[in-house]
Structures are given as structure tokens and as C-alpha cells.
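Examination of the molecular architecture
Take a look at the letters that make up each chain.
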Number of protein chains: 2
Amino acid sequence: MMKRPFGIAVAQLGPIQPSDSRASAVARLVEMMREAASLGARMVVFPELALTTFFPRYWMSDEDAIERYFEKSMPSAQTQILFDTSKNLGIGFYLGYAELTTDGHRFNTSILVDQTGKIVGRYRKIHLPGHADHKVGKPFQHLEKKYFEVGNEGFHVWQTMDARIGMCLCNDRRWTETWRVLALQGADIVAVGYNTPSVNIHWPEPPHLRMHSHLISLQAAAYQNTTWIAAAGKAGLEDGCHLFAGSVIVSPAGEILAQTQSEDDEVIYCKADLALADTFRQHIFNYGAHRRPEHYRLITERTGVGDPLGKEPDPS
Amino acid sequence: MMKRPFGIAVAQLGPIQPSDSRASAVARLVEMMREAASLGARMVVFPELALTTFFPRYWMSDEDAIERYFEKSMPSAQTQILFDTSKNLGIGFYLGYAELTTDGHRFNTSILVDQTGKIVGRYRKIHLPGHADHKVGKPFQHLEKKYFEVGNEGFHVWQTMDARIGMCLCNDRRWTETWRVLALQGADIVAVGYNTPSVNIHWPEPPHLRMHSHLISLQAAAYQNTTWIAAAGKAGLEDGCHLFAGSVIVSPAGEILAQTQSEDDEVIYCKADLALADTFRQHIFNYGAHRRPEHYRLITERTGVGDPLGKEPDPS
């Protein structure tokens, strides 16, 4: 089978403190973009909300305090250098940031930029985790449901850079529907940025299980959806709150082929063969031959859990 | 939170050779059912096609040769002792077998029997793997698409034995839709039997990856669908063909809490706390709060892979 080599880089970020400027964050991204290009990457994947600290941990009611975390345009004066570097080096990228639209809507957004520095795709996060109310007495908040609206554009794949590339963000990676909707569009690579606290504020979940569920979710998703996954986290201690690392590149065989070793800025790279997915697509996961959507209807007919459907079998 | 203890046993089978009688297979199942009951299990899960060798490996055209692998009734004279033992010991079970209906249809089927020896549920396998044609020159065949029709009764969960229990079979475990349809019915436990060759006849897949994809699929499914999974395989060398073992009990945290150590008849047990799922159901996987079926439509609208939907974003 003909190989389809595609160099993928994942650029993990160490912490961004509340006092850090946009310019300092962008400078770190540019440096990692240069490293990714030097490794041979055609695309580099940056984390979710990669320009600021993970601000949904803060309860804020002042609109100006909230708005300083949001981007009113993309590119902006401060991020233009990312696009210029992309074009100069001929490398595409995925970037997560907080988006404020001209008509006042706020989304947790990622963009896909091709190797000419042009924005070719945009994704607005659909599976917002956390809560919208102030959880008094918790060590920190997880206010994504307060600061963002649910994405209004769906899960999409783009044909760009000789590949089909999909996007999602953070908590989306734990939802099987995310991956299947992207797989049904033939995604060769899915980029996902995340910020995941090591501490669960809702119940005393062992921290090692949070890394475990992150990794098994990505491995199963890559395998079952015949796609490469490039997952980039922001890691380490931000303002006293710990975000886990574990940025990875996963193959369609479900194997982790590259993983970060630090909680700092770190680039990992894999010369992926996109054709590795083809064997799975032709046999075990030939969706056209094996899927049975007539038996999947509950997935779109129910939102929450409902009654069991099982009844005593009729004699046959 | 109040605990909901439920003893689960998985009874892995070593190989069943083509020359082995039904009676000998049933005797092995009865012995393991007794062990499961002595451990405190309320239910024991047996493998797929647990009464015969994994016959889809053989190309057969003679109808009588095929029919001898199928059960025309359940219970039957030969399996009645399983139901009697279930009732006497007060233990439920899941059993996979080849079903021939009175009107001539053939399914790869499992049944759920409660602790009074009564059949409360039936599942007919939906995701049939393999092929229907004779692959000449292959070391063995995988003819499930020849010998079975696609299941016609859907994915169901039954309220029985103080729990919500769902069923699926073998290849179903690799399909995210299986688990989600069961999760949307509130499954506390899903039983799955399997027979999985260590060798992929379609392409030279490394055998260790086949065990890996089995385990990550089950772990991710249990976690993302807030359910316990009890997975029972038939293992070892059947007529020269190797089936992998790896029978497991997986918690809703995605952890393997019990796993077989042999390729023989072997019972594993876990005193599961069904309430462990509740924390996930109340927070990260509160489906009613977080799922967005309006963005999942492709899952039922497409069977196979289609065009990417992504387009250049409108300015906002």
C-alpha cells in the first residue's frame, strides 16, 4: 500500500500565569512552531485557550475582567506573528483561544490554519464541561458553562494540506459522538487541545485515574475511528492549580507513538503514515459494510438516560 | 453515597474442539457456575458461542453440517442443567450460542437468565464481522456474515436482579454506538461474550495490538458509558487456531479490576459497587446536561464515510 507520510507535531504549553502577557504566550508558541518545522512537521497542534491562563477557574462578574481573556479578532495585532511564521516556514497549525464575536457571542474556539498562514477552518466547542454557578468553598471553579455558549457550527473535517483534518476541544475527546461524526467525514487526523485539572472539584477522584481516562479515551477513539489524533495540553501549576500533561500523538492502531515527558513547553513529533488507517477502513472498520444506523437511533432521539427497552423475548 | 454491591463473575472457557460434545461443554459451564456462586456472584457471564467450537472458521456448504452447530430451542435437553443449576444456586447468567429459529433464521445470540433460571432477555448480534465468501488460501475463515443474519431486535437493557443489565457480543464491543445505546437505557452492567482469533487473516496485524485494542475498547466504553463491563472470552488453541484470552471485569472508572491469567476454563470475580457509576453520571457524564444530539445527526444519517463538511469560516 502506498504510504502517505505526514509530519505531525504537538506543542504542549507549560503554565501561563494570570499576569503573563499575550505577547509572551505568543512568543512561546512561535518558538515551538519553529522547532516543529525544523523537525519536518507539516502541522503543529497547540493547546486549548493557548493565549491565556485557564481563566474558567475564576468566578468573575465584571464584564471587563472577563473580556480581557477573549480575542475580538483573529489574527490580531498580537497573534499576527504566528500567521506570518506559519507562512514563512510553510507549516500549518491548530490554535485554541477564547472567541468574542462582533455581535457579542463568546465561544471556546479553535482554528485550523494551512501552510500559507490562511485560516481554513473554525471549531466552536460543543461539549462544555463544568458549571455556570459559583461553587463557593471549592478550591477553584470550572465555569465553562458560564463564560461560553455551546458551539453552533457542528463537528467538521476540512480537506487541506493533502489530508482530511478535523478539530475538537478538550472535553469533546471523552464523548464518542465527537469522534464518530468526524470519522464519518473521513478524518485522517484530528487535532485536540485541552486544559485538564488534576483535581476533580466534584468528588475525590484519584488523580492517576484522570490521566488514565484521558489516555484510554484517545487510544480507543483513534482505533475505533481510524484516525490519527494529535492532542496538546497546557500543563503544570497555573496560579496554584495543577493541569496534567500527557500530550500525545496516537495512531489508528490505538498506540501512543509520542508523548511528552514534562509539564513545560515541549514539542513532540511523529512522521505519521496516514495510510495506516486504510487497512482498518477496508476491513474491521469498513463502516459501509458493518454499521447499522437503524439500531443507533436512541443516540439522537434521547439526550439523557431513559427507561430500559428490554422486554421478555417472544418465543421463536 | 449508598453502596449497591453486586457480585459479578466472568467464566472464561478454554478451547472447545470440533469433536467435543455439547454435554462436555455444558458440564464445564456448570462447574464454573458453581464456582461463581460459591464466590458470591449474583450473575456469571459465559462467552459467545459457548457450546461449540468457533465454527465460523470453517467453510461449510452442507446444511446439515452447519445446523449441528445451532440450537433449535433454549433451554434444550442438553442445556437444561444450566437452568436448573441457576435456579438451585440462585445465580443468573449470560450465555452465547448459535440460534436457529423455528422459522429458519440463524442468529449469533446471547440470553440473560435471572437467578430463578428464567430467560428474561435475548440479544441477536448486530455487528457481524468477517465475510460471507470463501477466502481460499487463508489459514482459516471468519464467516459470520455467511452463517448469521444481522440481529433484528436492537440493543437492549433489562431491569432484573436489582440492576439494569445490557448485552452485546464480541465485535459489538469495538463499536461506540453499541455502548451509547445501552448507556442511554441506564445500563449498570453490560455482559459481552467473545471469540477473537489472535491472527488477523486480512493483513499482518501484530497480535499484541489485537489484545491492546480489545482492552482499550472495553476500558474506554466502561468509562464513557458509566457502566460495569463483564467480558468473557473463549481462549486457546481450537483446532489449531488461537483465540486470545483477556477476559476482564472493568469498572465505570475505566479500570480493569479482574482479568484472567490463563487460556483455560477460569472464573474471575469482582464484588462490584454499582453506585460507583453514580458520581460520573452526576457530573462529567451527566448526559442530560451535556449531550448535544443536534450535532450527532451524521451518526444515523450516514452509514459509510462521506465527504468532509468543513468550509472556510464566515467572518464573525
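About the criteria used
Residues numbered from 1 in each chain as written. Chains lettered and ligands numbered in written order. Predicted model: local features only at pLDDT ≥ 70, side-chain atom pairs only at ≥ 80, totals over all residues. Heavy atoms only, no water. Contact = heavy atoms within 4.5 Å. Buried area = accessible area lost by both parts, 1.4 Å probe. Salt bridge = Lys/Arg side-chain N within 4 Å of Asp/Glu carboxyl O. Helix = DSSP H or I, 4+ residues; strand = E, 2+ residues; numbered from the N terminus. Core = buried A, V, L, I, M, F, W, Y, C linked by side-chain atoms within 4.5 Å. Buried < 20%, exposed > 50% of the residue type's maximum accessible area, 1.4 Å probe, protein only. Least-squares fit on C-alpha atoms with pLDDT ≥ 70 in both.

**Observations concerning the interface of chain B and chain A**
With 84 residues of chain B in contact, the opposing surface of chain A contributes 84 residues. Summed over both sides, the interface between chain B and chain A buries roughly 7500 Å², with carbon and sulfur atoms accounting for 62% of that surface. In this structure, the connection of chain B to chain A is made through 6 salt bridges. A:Glu177 serves as the salt-bridge partner of B:Arg180, at 2.7 Å between the closest nitrogen and oxygen. Among the elements of the structure, β5 (119–124), β6 (157–160), α5 (176–183), α6 (207–224), α7 (276–282), α8 (287–290) and α9 (298–301) of chain B are those that each provide at least two residues to the side of chain B that touches chain A.

**Concerning the nonpolar core**
Ranked by internal contacts, the top residues of the largest apolar core, which has 121 residues, are A:Phe6, A:Ile229, B:Phe6 and B:Ile229. The element contributing the most residues to this core is α6(B), with 7 residues. Setting aside residues no more than four positions away along its own chain, A:Ile229 makes contact with A:Trp179, A:Val190, A:Val192, A:Leu218, A:Ala221, A:Ala222, A:Val248, A:Ile249 and A:Val250.

**Let's talk about the relation of the copies chain B and chain A**
Between chain B and chain A, the superposition needs a rotation of 180° and an axial shift of 0.0 Å, giving an RMSD of 0.0 Å. On this basis, the relationship between the two copies can be described by a two-fold rotation axis. Interface overlap between copies is the fraction of interface residues in one copy that are interface residues in the other; for chain B against chain A it reaches 100%, indicating a shared surface.

**A look at unusual backbone geometry**
The peptide bond linking A:Met74 to A:Pro75 adopts the cis configuration, its omega dihedral lying at 0°. Tracing the backbone shows A:Pro75 in the loop between α2 (63–67) and α3 (80–89). In this structure, A:Asp239 is a non-glycine residue whose phi angle is positive, near 50°. Note on placement: A:Asp239 falls in the loop between β10 (236–238) and β11 (241–243). A:Asp239 sits in the partly exposed class, given a relative accessible area of 42%. Its identity is not glycine, yet B:Met161 carries a phi of approximately 55°, on the positive side. Inspection of the secondary structure assignment puts B:Met161 in the loop between β6 and β7 (163–169). Classification of B:Met161 as buried rests on a relative accessible area of 7%.

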